[in-house]
Each structure stands twice: as C-alpha cells, then as structure tokens.
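Next come the chains, spelled out residue by residue.
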Amino acid sequence: MKDNGAKGMMPARRPEAGRPGAGSRGASRLQDAWDALQRIDFGFCIFDTDLVLIAVNDYVRYLFPTLAGRLGPGLALQNLLAALHDAGAVPGDVLPAEWAAAAYSALLTGQVLELSLADGRVCRLSPTLGHDGSLAVTVQEVTQLKRAERRLREAKELAERASATKSRFLRAANHDLRQPLATLKILVYNCLTADSLQSRQEALHAMDLTVGIMEDLLSALLDVGQLDAGAIVPRIGSFPVASLFERLRMQFSHQAADKGLQLRMVRSHLQVTSDKLLLERILANFIANAIRYTDCGRILVGCRRMGDRLRIEVHDTGRGIAPEYQERIFDEFYRIDGNETDRERKALGLGLNIAKRLALLLEAPITLRSWPQRGSVFAIELPLGDIWRSEVGDTEISEMAGGEFAGVEILLIEDDPILRKALTALLERWGIVVHTAAGLSDACEVAMTARPDLVISDYRLPGGHTGVEICLALRDACKEDLPCIVITADMDEQPISDISQAGFPCLIKPVSPPRLRVLMHHLLFEQG
Amino acid sequence: MNTRSTPSMSLMPGTSAISIGSIVPLSGPSMADGIEFRNGIILAAEEINRCNGILGRPVKPIFVNTGNQSAEIVVKATQRLIHEFGCHAIVSGYNIGPQNSEYEAVADAGIIYIQNNTLIQHHDTIASDPDRYFGCFMNDPPEYWYGSGFMKFAAWLRDTGQWKPRNDRIAIISGSRPYSIVIANAMASAAPDFGWRVAFGPKIVRSPTVQWRPVLDEVHAADPAIIANTHFYAGDLAAFQRQFLERPINALVYLQYGAMHESFLAATGDSARGAIVSTVIGLLPDDMGKAFAERYRERFGEDSTPSIGCQTYAALHHYALAAAAAGGTAPAGGFEQNRRIAQRLRSLTFRSVVGSINYHPISQSAISYPNQTNDPSLGMPHLFFQIQDTGKNKVLIAPDPYRTGQFRLPPWFT
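Here the structure is a predicted model, which is why all the values come from computation and not from measurement.

Right, let's talk about the environment of Glu 215 of chain A for a bit. Relative to the elements of secondary structure, Glu 215 of chain A occurs in helix α7 (residues 197-227). A C-alpha to C-alpha distance of 9.5 Å links Glu 215 of chain A and Leu 177 of chain A, two positions 38 residues apart in sequence.

Here we take up the interface of chain A and chain B. Contact residues are listed per partner, giving 31 residues for chain A and 43 residues for chain B. Note on chain A versus chain B: buried area summed over both sides is about 3100 Å², and carbon and sulfur give 57% of it. Taken as a group, His 269, Trp 388 and Ile 397 of chain A account for 27% of the area that chain A buries against chain B, more than any other trio of residues on that side. There are one salt bridge connecting chain A and chain B. Arg 267 of chain A is the partner of Asp 193 of chain B in a salt bridge, and the nearest nitrogen-oxygen pair spans 3.3 Å. The interface formed by chain A and chain B contains 13 residue pairs in polar contact (both at pLDDT 80 or more). Of all the secondary-structure elements, those providing two or more residues to the side of chain A that touches chain B are α12 (399-402) and α17 (513-526) of chain A. Broken down by element, the residue count for the side of chain A that touches chain B peaks at six residues, all from α17 of chain A. Considering only residue class, the side of chain A that touches chain B consists of 10 nonpolar, 10 polar and 11 charged.

Residue and element names in this part refer to chain B. Enumeration according to the criterion identifies 35 salt bridges over all chains in this entry. We note a salt bridge from Asp 159 to Arg 158, for which the minimum N-O separation is 2.8 Å. Take Arg 158: its relative accessible area is 12%, and that puts it in the buried class.

As a further point, take the sheet that holds strand β16 (residues 484-488) of chain A. Residue and element names in this part refer to chain A. Read across the sheet, five strands follow the order β14-β13-β15-β16-β17 without closing on themselves; strand pairing throughout is parallel. Edge positions in the open sheet fall to β14 (433-437) and β17 (506-508), since each of these has one partner strand only. Within this sheet the neighbouring strands show an average axis-to-axis angle of 20 degrees, counted without direction. Contacts between helix α15 (residues 467-477) and the sheet are confined to β13 (409-413), β15 (454-458) and β16, with β15 contributing the most and set at about 155 degrees to the helix.

All right, on to the nonpolar core then. Among the nonpolar cores identified, the biggest contains 77 residues, and Phe 150, Met 151, Phe 153, Trp 196 and Phe 264 of chain B are the most heavily contacted of them. If one sorts the elements of this core by residue count, helix α5 (residues 144-159) of chain B sits on top with eight residues. When sequence neighbours within four positions are dropped, the list of residues in contact with Met 151 of chain B reads Ile 170, Met 187, Ala 190, Ala 191, Phe 194, Trp 196 and Ile 226 of chain B. Phe 239, Leu 248, Met 265 and Leu 270 of chain A belong to the second-largest nonpolar core, a separate cluster that totals 43 residues.

Let us look at the pairing of strand β10 (residues 309-316) of chain A. On any regular strand, side chains alternate: one points to one face of the sheet, the next to the other face. Residue and element names in this part refer to chain A. With six of eight residues buried, β10 is to be regarded as a mostly interior element. Direction of pairing for strand β9 (residues 298-306) relative to β10: antiparallel, over a ladder of eight bridges. When the bridges of β10 are listed, Met 306 appears paired with Arg 309. Count of turn residues in the β9/β10 antiparallel hairpin: two residues, of which Gly 307 carries a positive phi of about 65 degrees. Of the strand pairs in this sheet, β10 and strand β12 (residues 375-383) are connected by eight bridges, and their pairing is antiparallel. Within β12, the position partnered with Arg 311 by the bridge is Glu 381.

Going from Gly 201 of chain B to Pro 202 of chain B, the amide bond is cis rather than trans, its omega being 0 degrees. Among the structural elements, Pro 202 of chain B can be located in strand β7 (residues 197-204). Backbone torsion omega between Tyr 369 of chain B and Pro 370 of chain B reads 5 degrees, so that peptide bond is classified as cis. With respect to the helices and strands, Pro 370 of chain B occurs in the loop between β13 (368-369) and β14 (380-381). The backbone phi angle of Glu 363 of chain A is positive, close to 55 degrees, even though this residue is not glycine. Here Glu 363 of chain A is to be found in the loop between α11 (351-362) and β11 (366-371). If you check the backbone angles, Asn 100 of chain B has positive phi at about 70 degrees while not being a glycine. Tracing the backbone shows Asn 100 of chain B in the loop between β3 (89-91) and α3 (102-109). Relative accessible area serves as the criterion here: at 4%, Asn 100 of chain B is assigned to the buried category.

All names here are of chain A. Side chains of Met 491, Ile 496 and Ile 508 sit close together on the surface and give an oily, nonpolar patch of about 250 Å² of accessible area. Inspection of the secondary structure assignment puts Met 491 in the loop between β16 and α16 (493-502). Among the residues examined, Met 491 registers a relative accessible area of 58% and is labelled exposed.

Residues and elements named next belong to chain B. Taken in spatial order, the five strands line up as β2-β1-β3-β4-β5 in an open sheet, and their pairing is parallel. Looking at the sheet topology across the chains shown, the edges are occupied by β2 (59-65) and β5 (136-138). Ignoring strand direction, the axes of neighbouring strands in this sheet form an average angle of 20 degrees. Sheet topology places strand β1 (residues 18-24) next to β2; seven bridges connect them, and they run parallel. Residue pairing in the sheet places Ile 23 in a bridge with Val 64 of β2. Contacting β1, β2 and β3, helix α2 (residues 71-84) runs over the sheet at an angle of about 170 degrees to β1.

Before going further, it helps to spend a moment on the environment of Val 188 of chain A. Residues and elements named next belong to chain A. Position of Val 188 among the secondary structure elements: in helix α6 (residues 143-193). Under the relative-accessibility criterion, Val 188 is labelled partly exposed at 35%. With 18 residues separating them in the primary sequence, Val 188 and Ala 206 have C-alpha atoms 10.0 Å apart.

Here we come to the packing of aromatic side chains. Summed over the entire model, instances satisfying the criterion amount to 28 aromatic pairs over all chains. Taken together, a centroid distance of 6.3 Å and an interplanar angle of 55 degrees make the contact between Tyr 103 of chain B and Tyr 133 of chain B tilted. Taken together, the residues Tyr 103 of chain B in helix α3 and Tyr 133 of chain B in the loop between α4 (121-128) and β5 connect sequence positions 30 residues apart. Side by side, Tyr 103 of chain B and Tyr 133 of chain B carry an identical accessibility label, which is buried. Taken together, a centroid distance of 6.4 Å and an interplanar angle of 40 degrees make the contact between Trp 412 of chain B and Phe 413 of chain B tilted. Counting every residue linked through ring pairs, the aromatic cluster contains Trp 388 of chain A together with Phe 150, Phe 153, Trp 156, Tyr 254 and Phe 384 of chain B. The positively charged end of Arg 339 of chain B is found above the aromatic ring belonging to Phe 134 of chain B, 4.3 Å away from the centroid.

Let us look at the side chain of Arg 319 of chain A. Note that Arg 319 of chain A resides in the loop between β10 and α10 (342-345). Within the local environment of Arg 319 of chain A, its side chain forms a polar contact with the side chain of Asp 295 of chain A, the two groups lying 3.1 Å apart.

Rules used throughout
For every chain, the first residue of the written sequence is number 1, and numbering continues from 1 along that sequence. The lettering of chains begins at A and the numbering of ligands begins at 1, in the order of writing. Only residues with pLDDT of 70 or above have their local features reported here, since the model is predicted, and side-chain atom pairs are shown and tallied only from 80 upward, although totals for entire chains, interfaces and linings are computed over all residues. Excluding hydrogens and water, the side-chain figures rest on all heavy atoms present in the structure. Counting from the N terminus, the helices are DSSP H or I runs at least four residues long and the strands are E runs at least two residues long. Any pair of residues with heavy atoms lying within 4.5 Å of one another is described as a contacting pair. Accessible area, probed at 1.4 Å, shrinks when two parts are joined; the buried area is that loss added up over both. Whenever a carboxyl oxygen of Asp or Glu lies within 4 Å of a side-chain nitrogen of Lys or Arg, that contact is scored as a salt bridge. Nitrogen and oxygen atoms within 3.5 Å of one another constitute a polar contact, given that in protein one can donate a hydrogen and the other can accept it, and given that sequence-neighbouring residues count only through two side-chain atoms. Any residue outside Ala, Val, Leu, Ile, Met, Phe, Trp, Tyr, Cys, Pro, Asp, Glu, Lys and Arg is labelled polar, Gly included; the first ten of those are nonpolar and the last four are charged. Here's how the labels work: a residue is buried when its accessible area is under 20% of the maximum for its type, exposed when over 50%, partly exposed in between, all with a 1.4 Å probe on protein chains only. In this description, strands pair whenever DSSP reports at least two bridges between them. In this analysis an axis means a line fitted to C-alpha atoms, helices contributing only their contacting stretch, and an angle means the value between N-to-C directions, from 0 to 180 degrees. Nonpolar core, defined: a set of buried Ala, Val, Leu, Ile, Met, Phe, Trp, Tyr and Cys residues in which side-chain atoms within 4.5 Å join the residues together. Only residues above 30% relative accessible area that lack a salt bridge enter a patch, with like-charged residues linked at up to 9 Å and the nonpolar side chains Val, Leu, Ile, Met, Phe, Trp and Tyr linked at up to 5 Å. Residue exposure ignores everything except the shown protein chains as possible cover, and the areas themselves are Shrake-Rupley values with a 1.4 Å probe. Any two of the Phe, Tyr and Trp rings considered here, Trp counted by its six-membered ring, make a pair once their centres fall within 6.5 Å; the pair's planes then place it as stacked at under 30 degrees, edge-to-face at over 60, or tilted in between. Distance and angle both matter: a charge sits over a ring if NZ of Lys or CZ of Arg is within 6 Å of the ring centre and within 35 degrees of the ring normal.

If you want it as structure tokens, here you go:
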C-alpha cells in the first residue's frame, strides 16, 4: 500500500524548508499522512501556483480509470480537463476546447463542476483556491446522490402535476355541477310555491331526476379527472338517442325557461354507437353554452342521418362566435373577452375543452358553424347503432308499471282504517290509483272530482248506510253503469241478498286477491 | 378376452324414481298445447333417464289434466301432485285462469314449480314474499315484453331500410284477457321510444270474437302504418286476418302468439302470407333445435309440434341439471334441499333448444333477449316470424344472431 500510495506523491519541484518532506523524520511523517489520505473515500488533486498537478491520490485514478496512466505530477490543469473530455466524461457534442476553457474558468472562480460519465456515474469536482494562487480540487462520486435528487425532483414534479390536475378537476366540477344545481334551485322554489299537489309532485320528480343527473355528472367528472392520466377507457355500446335527449331535456329545460328561451329537442328514434355518459357530457356542454350565450330565441337539439352515421346538432340563436375565435374556444380556460355578463364571466372556459377531449377519446369529430349575432351550431358525428345490441332500459318490471290495471282509478269506501290501508296497498301494487273514503259524504265528494273507473265498498258503513246504498247513490251522481263491488264480513243472508238484489257482485272478507283480481278484470274489461 | 368396464349409463338398480308432476290441459280449448307440453316432458324424462337420471335415480313424469284451466281445477291438480303422488317438482306449460293461486300449494309444500304462464303477475307474487315463493320459476319472460319487443322489431325493420313505413302511426287492438291487455299497454307505452305514435287504441275488444269488422273500420280511419292485434286465440286471429284482407291497407299486420299455431295457418291459408307473429319462447331453427325437432317427431309423430313441446322439454332438463348439481331432489317439506335447487336454477344459465334460460335473480323468470339483455348468450330470444309460404315453416326474420330469413313486403301492399 505504501508503494501505491507513494505513486501519487510527487516530490515538490520547489521544496521549501519547514514543509513536510524536509528531513527523514519529516519524510516519514509525510509518508504517513499520504498513506492516510489514500484511504479516504474521495479523490483530491493539488495544483501549484502554475496550476500544474503536484499531488493526486489513487481514488482519483479509481474514478477515472482511463486516465490513470496520465494522472501524475506535472500534468497541467488544462490538459487534465482536455483528457477528461477525451475520456468521454463530457457530452460529445461539446467542443473539447470550449468545454475545457469553461471548466478551467469555473474551477478558478470556485465553481463546482459536475461530470456525467459515459458509464452513468456522476462525479463532482469541488475547487478550493489557495491564497497564493494554488488550487486543490476534491473529487467525489455523487451518482447515488444525483439519482436520489432526480427521484425527488420527479416526485415533486408529479406532485405538482397532480396538484394542478386536482385544481383543474375541482374547477371542472364546479363548472359542470353548476348546471343541475341551478336547476335544483329553481325546482326547490317551484316546490315551495306549488299551489297543487300535482305541481309539487312534478317538481319533486324533476328534482329526483336532476339529483340523478348530478350523481352521474360527479361520476363522469371523476373520470374526466382521469383523462389527464389517460386512464379513461370509453365503454362503447348502442343506445337510443331518445333516451339521451330525455335526460338532457330534464337537465336543461328549467334553465332555458328561466332565461326565457325555448329549448326544443327533436325526438329521434335512431340508435348510436358511443359511450352514453361521455356523449351526454359533450352535449350537455354544448347546450349549457348555448343557453349561456343566447339572450333570446331558442335552442334546438336534433339529429341528421348521414348514411351510416348520425350527426347530433345543437343550434342556438345566440351571439355567435367570430371566425378568429372558433378554434381557440376549445382551448382550456379560454373565454372570449367582451360584453359578458357577470354570470358568463363565472364560466371558467373548461366546458368546450372537456368536450373536445372527450370527443377525441370517442373518435367522434366535433364541428362548429357560427355567425356573429346570428347564432351557432355545435355538432358531433357518431356511427349509427345496432338495435339488437342496444342498451336495455329498466328491466325491473312489475304490475305497478305494466299490469292490466295500471292507471285504472278506483274509489275504495271502507271505514276501518287498517283494512282500508291494507286493501289500498294491494291495489296500488297492481298499478291502480286508489281514492279512499270512509262514508257516504266522503265518497260522493271524491267520486265527483276523481271520476273513478270502479268502486269497491264495504257493506256496513257509518251512519247506518250500506255499501249498496252508497253505490246506488254514486251511480246516480256519476254514471249509471259505474262498476261496483260490495264486500262484507257479514255471513248473514240479509246483506248478501241485499247486495245480490241490487245487482252488485259480492266478495266475502277476508278478500282473496286472486278473486278480487278476476272480478275487477271482468267488470272493467269483459262487460259492456 | 380383454374386458373393459364401461361407465355405467344405466340407472342404479333398486333406486326409487323421482316423481315429477305436470299440470297440463289435456282437454278443453288449450288441449293441443297441453298434449305438446306433455310430450316435451316425456321426451326430456327419457333422455334424462338414459343419462343416469338425477344422480342415479330415474325421473317419473305424472300428469294431471287441468281441462279448462280454472283456478279451482289447477289448484286441486297441484295439490294432488304434491300430496297424492309425492312429486318433488312440478314442471308445466301454461295454465291460464288460476291467477297464480296454485303458487300457494307449491309454497306451502316447499317444492320447485316451473311453468310457462308468461304473466307479469308472477313478478309481483314473487316480490310480495320472495322467501315463501322461493321455488316458483317462470320458464319464459312475462307477456309485457311482447309489447316493447314488437316496437323494437318494427323500428329495426324501418331503420335498416327493409321496410319504409308511410307514416309513424300504429293501431293497437287488444282482446279482453289480461295477457292481451298487458301486451297492448306495453306496446303503447314503448311506441314513442322507438319512433312510433299510437294513432288508435289500445282498443279492448271483448273476446273471444270473430267479428272484427267494426274495429277494423275504426282502424282504417286512423290510417296506421302498423296494425297490432294482441288477442291470442288462433281461430279469432284467423278471422281477423281474413277480414283485414277484405279491405287491406298498406300496413304491417302483427298477430299475437296464437298465429304461431298450425290451426291458424289451416284456417287462413294464403291470406296469412305476410303477417308477422312472435313468441318470447320458441324453438330455435339451429342445429340443436333441428336435431331436437327430429327426435320429437320421431317419438310423437309427424303431426306433433316440437315448437310447443320444446318449452317443457327445456325446463325439465334445466331442473334435472340444477337438482343434480344441488345434490338431489326432495319432496314436500324438503325446504332446505329445494332451496339449494332453486339457488342452482338461478345460477346455472342453461343453453337449451329455446335459447338461454337465465333466470332473473329477483323475479325468477327467464330473462328476455333483446328486451332485458343485449347479450344473446344471457337471454331467451324473442323470436319474430313472418308467414311467407303457407306450405312451409314460418321464416324467422329476427332477432340477430338467430334469424334465418329476410322480411318480405306483405302481398297486400300496393
């Protein structure tokens, strides 16, 4: 080791008294010190005031093995730098002379140099200038350090991108959820001020649908958040355009009406092949923009068949878009500055960008035709669908929705609230609209307004009335052939005879649902 | 001599047979169908027994005639099969009339009951108490799907250019049975979804009847491009078709299930050509279906009708498969074992000669393709036929991928 260590040592060309090496004891100490320096885990080079190498340890040779034979006393700093370039420590597209000059200058001004070697290692050269003009340079391999730094930098960039994506996602969510939220606000007001049960129920129904649309939107927005990550894979299927238009109509009709605009969806029976949810998002953006930028007139949504393709168009009579903006409006966060209202300024300019990105994903071209002050037509073109492969609607069917009695109206007269409730539940399960009454006066009142298709009455009722009397009274009041059924728990001969003589069919309590069903069917559909 | 033991394909000696009941109309107005339902059970039982029965036990069919299919008769027949004959399951065709009241006897006994009543009320009965009616299965979709299925079919004809309707109007006529009313209502409800406008009806005509001229006069006034009659008695429909042709208009004519019968063709002759008829359960004219039809006719004669017998045939095979997979059968009171079979019936999609029997997990009726699923491997195809040549079979013109022929413009079109 001593021999090896001594190789890097060069005698001082201009030895001076008092320095290590003067005298044998001094030489021994110098050798000990040099041996110690050989064992440290970084390299060093010492240049004299002429910037000629006077000392270098083996670690430097280890770091630059291709230069090992040339690294020795007497090598000028400039030559060392040129040799490093030749050894591939510097990218080949940088001229040796230029690099060497720059590196030379850097070291002499105390700047740290980092060399990326051809084998992937990174070495750092850190200069220390002597007060007399000499130079010491420590050399360290910092490959692991640099890799860790790169990983950290990449992680930071990723986090920044994620943060930016998240911010954009939140802005998009804010933008797109505003549409159904605005609808909800109107519907809540409508509900609060509804002057009839029917209009309240209609408003509640529309609210229910709008909340459903919001749920879908949130789900889609989550997907849009993943657009940036390229994680969205469209789910392509066939579906009827009509079902899509109905959802859009529910979503936007209140907003359009609120602004005094007419929103017309031209019904189409055709099927298209696409991702229904993503297509809905595109069209929703078109319609939302149309409403936002149209002051009067109407929005028309319709289809044009073009061979084996279908173009869905959204027409408006709005302000239109000047030709110079017609491409740029699809850019992210782009809004045309001008005479916008406060509400319009709140739009972030994301909708059309999202639409464009989704359309690219769907491979469905978007087109725009627009005439300033006259209106615009946004359109998307899609392949026609296959009806046999078309999505199926609600497959959970029941008698309530599709049975033979669905929509039939019945007046049920029963004074026992428990029985009335049980029978009502049964009839409603069959899709029947049930009006209830507890006695004669109630029954007449309900019958005059509800105009039932059939009456079911208990025999013994309050006030000493019988079901037969009430049914006869109802026939007088409504129509003489109003179908009636009288039910009784009384097994005596008199009530049954009374019912029979009046010509009404009779059922004995507890009422058998199959018997009631057959009787009702007979009275409603087999007579007359 | 080198002897080799072969796997036993014969039934285990000494094992008792499993009684499988069937409530079928072997007299009365539905006798023709009842005989075919019986045939289907017999053929399936023979094939099952040739393949080692159910885990080595043969199946033994027992039939009780339900005649005019009134509630009283059907319920009594069900009770006899359960308590007198000790049946482990009941596999039947349809019984119109009991309004599901036979379900009560089945539910009390806890056995399996598979039928083809084709009624929406099956769904509501199951939904009212799924635990009680665990064993009740409907081996075809409810009649409701005839309605929306036909509207989809007509849209397909129009959108693919096979037929250019002169307008979007449809006239709907219904018989007075609940089955017909449900189909007519479903048709009217689905029409707008497929681009059709109901211009007339649903008009409920008291049935049975052969007097269609008054309603046809009203239909003429409505000027429809489609006339649909959801009544289902073959003879009545034959009268309708003949009376329509007395003063035809350029309209597609759809006739309900009864027009599938040979008796309809016999009564109408050439005047039936061009009419459309459909069934939510029918024999597929593919290799599997043709081979079955051949076996069926060989067994029951050339005049037998495999397109009806296929229904009970497929249902019994499915039951045997599910019972074997569940580890065996059980008579009345065997709730636990029969619940296992019911679970297997729900979970095992069975590709039979009528397409795929895939029970809906909640309603326990066969899922309809393309009405309830757009995957033909997971649903029983709703088949549309056109009568094109009265001397030959009806041509299956929809849906893909099963169709074997093309729609032709009816001969009454001018």
